[in-house]
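Coordinate analysis (summary)
Below, each chain spelled out in residue letters.
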2 protein chains.
Amino acid sequence: MRKIYLDHASTTPVDLRVMEEMLPYFTERFGNASSTHSFGRDARKVLDDSRKKAAKAINAETGEIVFTSGGTESDNLAIKGIAYKKGKGHIITSCIEHKAVLNPCRLLEEKGFKVTYLPVDKYGRVDPKELENSITKDTFLISIMHANNEIGTIQPIEEMCDIARDNGIVFHTDAVQTAGKLPLDMKKMNIDLLSISAHKLYGPKGVGLLYVREGIGLKPLIHGGEHENGLRSGTENVPGVVGFSRALELSVKKMDRESRRLIRLRDKLIKGALEIDRSWLNGHPEKRLPNNAHITFSSMEDIDLVSELDKYGIASSAASACLTYSTKTSHVLSAIGLSGKEAHRSLRFTLGKDNTKEDIEYVINKIHDLIG
Amino acid sequence: MRKIYLDHASTTPVDLRVMEEMLPYFTERFGNASSTHSFGRDARKVLDDSRKKAAKAINAETGEIVFTSGGTESDNLAIKGIAYKKGKGHIITSCIEHKAVLNPCRLLEEKGFKVTYLPVDKYGRVDPKELENSITKDTFLISIMHANNEIGTIQPIEEMCDIARDNGIVFHTDAVQTAGKLPLDMKKMNIDLLSISAHKLYGPKGVGLLYVREGIGLKPLIHGGEHENGLRSGTENVPGVVGFSRALELSVKKMDRESRRLIRLRDKLIKGALEIDRSWLNGHPEKRLPNNAHITFSSMEDIDLVSELDKYGIASSAASACLTYSTKTSHVLSAIGLSGKEAHRSLRFTLGKDNTKEDIEYVINKIHDLIG
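Bear in mind that the values here come from a model prediction, so they are computed numbers and not experimental data. (Residues numbered from 1 in each chain as written. Chains lettered and ligands numbered in written order. Predicted model: local features only at pLDDT ≥ 70, side-chain atom pairs only at ≥ 80, totals over all residues. Heavy atoms only, no water.)

Take the overall build of chain A next. Regarding its fold elements, chain A presents 13 helices and 12 strands. Taking 372 residues into account, the globule formula puts the C-alpha radius of gyration at 21 Å, and chain A, at 21 Å, falls close to it. The principal-axis extents of the C-alpha atoms in chain A amount to approximately 65 × 55 × 35 Å. Going through the 372 residues of chain A one by one, you find that 66% of them count as buried. A separation of at least 24 residues holds for 73% of the contacts in chain A among residues at least 6 apart in sequence. As presented, chain A carries roughly 13,800 Å² of accessible surface, and 47% of it is formed by carbon and sulfur atoms. (Helix = DSSP H or I, 4+ residues; strand = E, 2+ residues; numbered from the N terminus. Rg over C-alpha atoms; globule rule 2.2 N^0.38 Å. Buried < 20%, exposed > 50% of the residue type's maximum accessible area, 1.4 Å probe, protein only. Contact = heavy atoms within 4.5 Å. Areas by Shrake-Rupley, 256 points an atom, 1.4 Å probe, with all protein chains shown as cover.)

This brings us to unusual backbone geometry. All names here are of chain A. The phi angle at N229 is positive, at roughly 60°, despite the residue not being glycine. With respect to the secondary-structure elements, N229 resides in the loop between β8 (208-212) and α8 (238-253). Residue classification places N229 among the exposed positions, given a relative accessible area of 71%. Its identity is not glycine, yet R278 carries a phi of approximately 50°, on the positive side. Relative to the helices and strands, R278 is located in the loop between α9 (255-274) and β9 (279-281).

All names here are of chain A. Across the sheet, which stays open at both edges, the seven strands sit in the order β2-β8-β7-β6-β5-β3-β4 with mixed pairing between neighbours. Edge positions in the open sheet fall to β2 (65-68) and β4 (114-118), since each of these has one partner strand only. On average, each strand axis in the sheet is tilted by 20° relative to the strand beside it, whichever way the strands run. By the bridge criterion, four bridges tie β2 to β8 in an arrangement that is antiparallel. (Pairing = 2+ DSSP bridges. Axes fitted to C-alpha atoms, helices over the stretch in contact; angles between N-to-C directions.)

It is worth spelling out the pattern of salt bridges at this point. Proximity of charged atoms lets side chains of opposite charge pair with each other. In the structure shown here, the tally under the stated rule is 48 salt bridges over all chains. Across the pair B:R246 and B:E249 runs a salt bridge, and its minimum N-O distance is 2.8 Å. Residue B:R246 and its partner B:E249 are located together in helix α8 (residues 238-253), separated by three residues, close to a single helical turn. Residues participating in the shared-partner salt-bridge network are A:E21, A:K53, A:R246 and A:E249. (Salt bridge = Lys/Arg side-chain N within 4 Å of Asp/Glu carboxyl O.)

Along the chain, B:K80 falls in helix α4 (residues 71-86). No salt bridge is formed by the buried B:K80, whose closest oppositely charged neighbour, A:E73, lies at an N-O distance of 10.0 Å. A distance of 2.7 Å separates a polar atom in the side chain of B:K80 from a polar atom in the side chain of B:N76. (Lys, Arg positive; Asp, Glu negative; His and termini not counted. Polar contact = N/O pair within 3.5 Å; in protein donor to acceptor, adjacent residues only side chain to side chain.)

Residue and element names in this part refer to chain A. Running from N to C, helix α4 (residues 71-86) and helix α5 (residues 99-110) point in directions that differ by 30°, and their axes come no closer than 9 Å. With respect to each other, α4 and α5 are oriented roughly parallel. Read as a crossing pair, α4 and α5 show a hand that is right-handed. Counted together, T72, D75, N76, I79, K80, A83 and Y84 of α4 and A100, V101, P104, C105, L107 and L108 of α5 form the full contact between these two elements. Class assignment of the residues belonging to the contact of α4 with α5 gives a composition of nine nonpolar, two polar and two charged. (Parallel < 35°, antiparallel > 145°, perpendicular 65-115°, else oblique. Left-handed = near helix turned anticlockwise from the far one by under 90°. Nonpolar A, V, L, I, M, F, W, Y, C, P; charged D, E, K, R; others polar.)

Quick look at the domain arrangement of chain A now. All names here are of chain A. With domains assigned, chain A is organised as domain 1 (4-13 + 255-371) and domain 2 (16-253). Each of domain 1 and domain 2 has a C-alpha centre, and these two points are 27 Å apart. With 32 residues of domain 1 in contact, the opposing surface of domain 2 contributes 35 residues. Between domain 1 and domain 2 lies a buried interface of about 2,800 Å² when both sides are counted; carbon and sulfur atoms form 59% of it. (Domains from an automatic or database assignment. Buried area = accessible area lost by both parts, 1.4 Å probe.)

To continue, consider helix α13 (residues 357-371) of chain B. All names here are of chain B. Its 15 residues give α13 an end-to-end C-alpha distance of 21 Å, which sits within 8% of 21 Å, the value for a rise of 1.5 Å per residue. Buried within α13 are the following residues: D359, I360, Y362, V363, I364, K366, I367 and I371. Looking at the buried side of α13, the elements it contacts are β1 (4-5), α9 (255-274), β10 (292-297), α10 (305-311), β11 (314-315) and β12 (346-350). (Expected span 1.5 Å × (residues − 1).)

Okay, structure coming up:
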């Protein structure tokens, strides 16, 4: 059966060029980067090279890259790392963050920290004015995602990180959905902490990074052999890091062109889907990820559209993968004003590098067959 | 040049059979295990199967396996996870644990927990009597490694976990060096928490597990999408877990035979090395890892023996890889009574599946050439 994968926000296949680059480090060049013999030195060198490559992709310094086991760990390290360093105080975030940000914030509330969860407008945007008004003398951290994983809305983070900087507050952003899709320049942007995950950009699962601006002090979450400059102990995942850095490099290289292509396909999909009666696009109409189409089909009967499309080989998503097995309505869709019923009649399509015009036409046809 | 890798305690190459099993999950069967479409269900199934395989290898229940990013994270999750659940109290560990145990304990001391670091005898063994005498009414955790990563000494953990059980205390062991080398049976042994790392047993880097006996409550370290039964959030590293479980299965399967083979080679190496004047074996003469030979050459001049052997293609270690770039004397060697000078004249050889009798003969010759 034809297989059309439209769930790239959830995960992506490893690019074959990335795979090729990783392979030798599993079986032949397998040394522990902390060993001093030739196997170890070889691993150390490729680890250093990978760090340089990753740093270059976001225009950061090599010493500002901390490799982790993925986006969730990066978010946890950023938020808890700075909070535990401060000991107490106030954090500002938004109500539509990923659980990897929200749940650390909830934990910190239990520990006596104050947290403000900013609301969003109907497009899912945080208002920078509202952010500014929420700052108190105790605010030490602002964490606002770069773009939302469900509805694809891009936040005005440049404005927000400038506000943070003007107020002497650390700014973190979860860029898991935007790295390789939107420009990230750590020299130009006033971002202090930034999370990226490899498996969202055609790299391997189990590896990510936290950009930590020089001078920002964090407490580590995982203690041990003092790897990653003392910020993240544990034998370095050399093949993973090699693959991640290569994937990030490739994504950034082809970003402009690929984004334009994805936008064309995305808009075609949106147009086709919106021909269905009483359907609408969620998220911002323009300030959205190039590959995200999130649509509510309000006239739809209570069918499981993900399952129905799956029968035709089409992989889509009802919410973020991290919420799939939850029976609760997505907190993101609630925040932009959807009812539980509307939320459950919504579908996320996230496009990727192998999707073609023909794929999109096929998908539009099937949607019309099922609910048109 | 001939390459002889004798640093398997530091890391191992991925077994080709393991690699083969992992490969499809990077590029083709790449789904997110939380997605409900066919890609996701496929990933969920293989994740479940891998968990069963890993559980079987240590005779545990499937629900007792928590996959992590490696041994260090597993140790951190075990120790901090139980400590944060308790809130306060007393922990007993040994002074020769890996930094992944010692550093979390030091952190907990800063947070007001009491920690007893038990001494060891000249062979590096903890005395179960002394353990028993250290228990107070506040003791909630005992963490003693199964075998030491530097000197290879195997601890009497069966005796010690029975003491813990008799006193209603949770028992954790770092089995990173023993999994696949010594029998681990969670139904027979009174172990409550047990850490394993994949890359020490011919699996991939960046993946490990924590065995958590049913009924043992832990607080997670990484919060987010509530993966791994809420104990470890973050998209599951499917290829990593597939490789790890297969590697563990293979190691356990060939364990008896391979151990006997390694012991023969190890003893040959020890015998050859000890022919050098004023040299001795560190660690226990019998109760030691089948692949570990740790020798002090006290008459040696101040040469960097690791580097010298490396010139002949022989990879050995001066301490654990995690301590390599530290200028301090190994805490393990200090604990068994070696002076700084003796410690720096010591070498660890850890053998593995590809080492042959000829390798060992070559190594013995080179040692004699260099310091004989």
